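So you can see what is in the structure, the chains are spelled out below.
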Amino acid sequence: MKSMPKKKKTIAICGYGGMGHGWGRDIKNHPDYELRGIIDTDTELLENIPKMKLGLDEDQGYISIEDMVRFGEKPDVLVIATPIPTHSGLVREAMDLGVNVICEKNMASDLQQAKQMVQKAKDHPELCTAVGTQYRYGGQNWAAKKFFELDPNPLGKLGMILWEDWGWRGEKRWSWRRFLPDVYLEDMAVHWFDTMRYVTGMDIVQVKADNFMPNYSGWFGSSTVLANLALAKPEHWGDRHEWTWCHFAGDWQRGPIRSDRSSRQEFYCEKGFAKLSQWGVETFAYKQRDVQSDDFEEDGFLLADAGPMEGIGDFHGDSMILEMMSRGIDSGGEKQPGTNFKEAFKSFVVSVACKESSFQGTPVWVPKYWRGFLD
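Residues numbered from 1 in each chain as written. Predicted model: local features only at pLDDT ≥ 70, side-chain atom pairs only at ≥ 80, totals over all residues. Heavy atoms only, no water.

*Asks:* Account for the nonpolar core, naming residues and giving values.
*Replies:* Counting residues in hydrophobic clusters, the biggest one holds 110 residues, and the most contacted among them are Ile38, Phe248 and Phe341. Counting residues per element, this core draws most heavily on helix 7 (residues 183–200), at 10 residues. In this structure, Phe248 is in contact with Trp163, Tyr184, Ala189, Trp192, Phe193, Met196, Val225, Leu226, Ala227 and Leu229, ignoring residues within four places of it in sequence. (Core = buried A, V, L, I, M, F, W, Y, C linked by side-chain atoms within 4.5 Å. Buried < 20%, exposed > 50% of the residue type's maximum accessible area, 1.4 Å probe, protein only. Helix = DSSP H or I, 4+ residues; strand = E, 2+ residues; numbered from the N terminus. Contact = heavy atoms within 4.5 Å.)

And the structure:
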């Protein structure tokens, strides 16, 4: 029996800045979508839409989703690529109009706004939602996910993770982001929390963090996070001995250090360790566990070993989110994108827990944010 061809979807972008331009490129390259409008409060930008080579004319620019629906057409999907403080309100306005939404990260500015977004998704199960935490859909992360799903795993149980992301974003962040009170947590860390959860198949259940900026920094908000994270599958949430521990370091102010020293993801297991690379996962099995040595059995789990990403293939990053959204719409909301609001909420609240832990100086139990709410 032949499968039915997928329905073409109309799509609009709300907020045509840097992130909006990126989504525009991905939309143009995806066969399931036709861009039908740009929504922005910058009226000068809207006047120049015909010059942007988007296939749009001067009457396909709008200042709100309500105006697009009233004076143009209702799109199937709205990509919200506006500043973080506006996300929650714009998402709810679009979903009230019956529009499926893709919202850029960070999901929201605070816990209450994010919960309102999740509640809206619960109230409208026929609509699809997604958050733009697209790093999980990179090749090496897909390979790592499939490697840690191997049963039995050649390296045994995963016990500890070292995850570092050191960067340099200049003396201050640009545009509206420079005013964020916790810019690294809000603009970057959630990518890694989400990817970590995706790769390991575990929830982050405890956070003990310090969120700060170095004493030489002139930024308006914190630029650096040092955190100890505990990860566990639901059946092990209450069993500390079964937790997998991660030391996480994320920063944008260490200094202009070479990029080859800026990132490290290492996974320490019962029978060896692994690290991410551009090829997938490099593995190092101990030849003898009772002798300290640098002599390992080196191997790897490559992208080809992992198979097509999410069983789909040919898509990655934001393009994978667009593909999942297309399939979800065709299913009437039954198949939600992998970064749907309920799933994204579990990554978002890790950043909330980091702030709370840093302020109080104590560990924070992360499931308290979603227990009884996501169930």
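Next comes the rest of the description.
*Asks:* Which residues make up a negative patch on the surface, and what values go with them?
*Replies:* Residues Glu297, Glu298, Asp299 and Asp305 make up a contiguous surface patch of negative charge. Top element by residues in the negative patch is strand 14 (residues 296–302). It accounts for 3 residues. The residue Asp299 is located in strand 14 in this model. A relative accessible area of 57% places Asp299 in the exposed class. (Patch = residues over 30% accessible without salt bridge, like charges linked within 9 Å, V, L, I, M, F, W, Y side chains within 5 Å. Areas by Shrake-Rupley, 256 points an atom, 1.4 Å probe, with all protein chains shown as cover. Salt bridge = Lys/Arg side-chain N within 4 Å of Asp/Glu carboxyl O. Lys, Arg positive; Asp, Glu negative; His and termini not counted. Charge placed at Lys NZ, Arg CZ, Asp CG, Glu CD.)

*Asks:* Report on the packing of helix 6 (residues 139–148) against helix 7, specifying residues and quantitative values.
*Replies:* Closest axis-to-axis distance for the helix 6/helix 7 pair is 7 Å, and the angle between their directions is 40 degrees. Contacts between helix 6 and helix 7 involve Asn141, Trp142, Ala144, Lys145 and Phe148 from the former and Thr195, Tyr198 and Val199 from the latter. Of the residues contributing to the contact of helix 6 with helix 7, the split by class is 5 nonpolar, 2 polar and 1 charged. (Axes fitted to C-alpha atoms, helices over the stretch in contact; angles between N-to-C directions. Nonpolar A, V, L, I, M, F, W, Y, C, P; charged D, E, K, R; others polar.)

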